[in-house]
Amino acid sequence: MNEQLAAFIREHNIHEVECVIPDMTGMARGKIVPKGLFLAEDSMKMSKAVLTITVNGEFAEFERFAGANDPDMVCRPDPSTIRLVPWAIEPVAVVIHDCEDFDGTPVGISPRAVLRRVLKLYENRGWRPVVAPEMEFYLIRQNTNPHEPLRPPSGRAGRSEVGRQSFSIDAVNDFDPFFQELSAFCEAAQLKVETLIHEVGACQMEINFSHGDAMALADQVFLFKRAVRETAYRHNIFATFMAKPMEGEPGSAMHIHQSIVDDSGANIFSQPGGSASELFFHHIGGMQKYLPRAMPMFAPYVNSYRRLSRHTAAPINVRWGYDNRTCGIRIPPSGPAARRVENRVPGVDVNPYLAMAATLACGYLGMVGKIEPSAPMDDSAYNLDYELPRSLEDAVELMQDCPELAAILGEEFVQAFCAVKEKEFETFNRAITAWEREHLQLHV
């Protein structure tokens, strides 16, 4: 057993270890292992088919991507990811694992392996991505009936929000016990969150992370979602990371700020004199060309596309502009050292590893292919045509027909991921919605 892991377990008197991997949906799969067994082994075995589970618990062509005999894979702990599970009754640790075949080869359909693959391309050129995600989510009233619409919960005043309280400090303070405990959980779990704000929607919140390494931030987002949901349970409310949970309210995004530094730590988006570099513009050009083709990784569910509609604080195209929030690609005000690109397309329902991999892959293709961007937008991009796919079905078709992305992300991964999305869409399409019953039942 790795000494770093063993020392952490001794120091914190750990009783059990949650050995987890993120699946295609970003859900934590794995095993809870007693301390002694964890220390006695250097890995765990788990069915490779776990990586093909859909969000509703079905398997998508696991024989094709895992093997007809349903074989195991080796899940090896990443020592840098060990943390306390702060809400556990007894001292419990969580460790994120990497997936390997028995010959040590990374399992290509594993989300962490996909992100590692993209980061390796950057490393080979002497580049290192720096990212900072912004997480929007809703606090909602506990709801055990999925046929009922979601509603805001009651705060300390005993009332629910009936209007939008954008950036209201008092509206955040209405849930102060929740946020105090969430802050303590994040600190204990080494999740580097910064700003907390009330977003536009009723009881919609946003938490921003400190900028840093893409893999480390994907790990933190993966764990943060668990922390938010667990904190909500403890306060008799729910938290949802659905992209569009409530009709008439804005959707929730995971905006990703991204820049690239070289071996010396200098931002390659800026020239020595402070002006923007060619690589900066090519990065934008690559995002403009490939974001629509990587859309299933930014909008992975049927619900995701409800968020991406005109005049709802969400992009409908891949225009770019300086400090222009109507664009899919925004350039925040900054000095040369902090020059960066904000990808406003991803919903908060993404798998963070895959969203990070996809946005960096798009920018990488632009830089190596020297793709020129369009002119920046000064006006509202909402007045232009849709450039993003309007449905999951269309998005999957676009992704399957993009050999450039497949070459970067891995052909096997693209096929497996699209198979999962197709299975989810097929399952959704069997459901009859309340809208259909309301408008078609007696009128057609």
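For the structure itself, consult the block above.
Let us look at the structure shown here. (Residues numbered from 1 in each chain as written. Predicted model: local features only at pLDDT ≥ 70, side-chain atom pairs only at ≥ 80, totals over all residues. Heavy atoms only, no water.)

### Topic: empty space enclosed by the protein
Then, in step 1: Tallied over the entire structure, the rule returns 2 cavities of 30 Å³ or more.
Then, in step 2: One number sums up the size of the largest cavity: a volume of about 80 Å³.
Then, in step 3: Broken down by secondary-structure element, the contributors of at least two residues to the lining of the largest cavity are strand S5 (83–84), helix H6 (176–188) and helix H7 (214–234).
Then, in step 4: Top contributing element to the lining of the largest cavity by residue count: H7, with 3 residues.
Then, in step 5: Of the residues assigned to the lining of the largest cavity, the class counts are 11 nonpolar, no polar and 2 charged. (1 Å grid on protein atoms, 1.4 Å probe; cavity = no way out; pocket = protein on both sides within 12 Å on 5 of 7 lines; lining within 4 Å. Points joined across faces, edges and corners; volume = space filled by probe spheres on them. Helix = DSSP H or I, 4+ residues; strand = E, 2+ residues; numbered from the N terminus. Nonpolar A, V, L, I, M, F, W, Y, C, P; charged D, E, K, R; others polar.)

### Remarks on unusual backbone geometry
Then, in step 1: One non-glycine residue, Glu61, lies in positive phi territory at about 50°.
Then, in step 2: One non-glycine residue, Ala313, adopts positive backbone phi at about 60°.
Then, in step 3: Here Ala313 shows up in the loop between helix H10 (304–307) and strand S13 (320–322).
Then, in step 4: Owing to a relative accessible area of 44%, Ala313 belongs among the partly exposed residues under this scheme. (Buried < 20%, exposed > 50% of the residue type's maximum accessible area, 1.4 Å probe, protein only.)

### Overview of the pattern of salt bridges
Then, in step 1: Summed over the entire model, instances satisfying the criterion amount to 23 salt bridges.
Then, in step 2: Here Lys120 ties to Glu123 by a salt bridge, and the two come within 3.5 Å at their closest N and O atoms. Residue Lys120 and its partner Glu123 are located together in helix H4 (residues 111–124), separated by 3 residues, close to a single helical turn.
Then, in step 3: The exposure class of Lys120 is partly exposed, given its relative accessible area of 43%.
Then, in step 4: Glu123 sits in the exposed class, given a relative accessible area of 52%.
Then, in step 5: For the salt bridge of Glu426 with Lys423, the shortest nitrogen-to-oxygen distance reads 3.9 Å. Residue Glu426 and its partner Lys423 are both found in helix H14 (residues 411–428); the two are separated by 3 residues, about one turn of the helix.
Then, in step 6: For Glu426, a relative accessible area of 40% puts it in the partly exposed group.
Then, in step 7: The class for Lys423 is partly exposed, based on a relative accessible area of 23%.
Then, in step 8: When salt bridges that share partners are traced, they join Asp78, Asp98, Arg112, Arg116 and Asp219 into one network. (Salt bridge = Lys/Arg side-chain N within 4 Å of Asp/Glu carboxyl O.)

### Examining the packing of aromatic side chains
Given two aromatic rings, their pairing is described by the distance between the two centres and the angle made by the two planes.
Then, in step 1: Scanning all chains against the criterion turns up 16 aromatic pairs.
Then, in step 2: Judged by centre distance (5.1 Å) and plane angle (70°), the rings of Phe280 and Phe281 are edge-to-face.
Then, in step 3: Accessibility expressed as a relative area gives 0% for Phe280, which makes it buried.
Then, in step 4: Clustering of aromatic rings is evident, with ring pairs tying together Phe269, Phe280, Phe281, Trp320 and Tyr322.
Then, in step 5: Above the plane of the ring of Phe280 lies Arg339, whose end atom (NZ or CZ) is 5.8 Å from the centre. (Phe/Tyr/Trp six-rings, centres within 6.5 Å; stacked < 30°, edge-to-face > 60°. Lys NZ or Arg CZ within 6 Å of the ring centre and 35° of its normal.)

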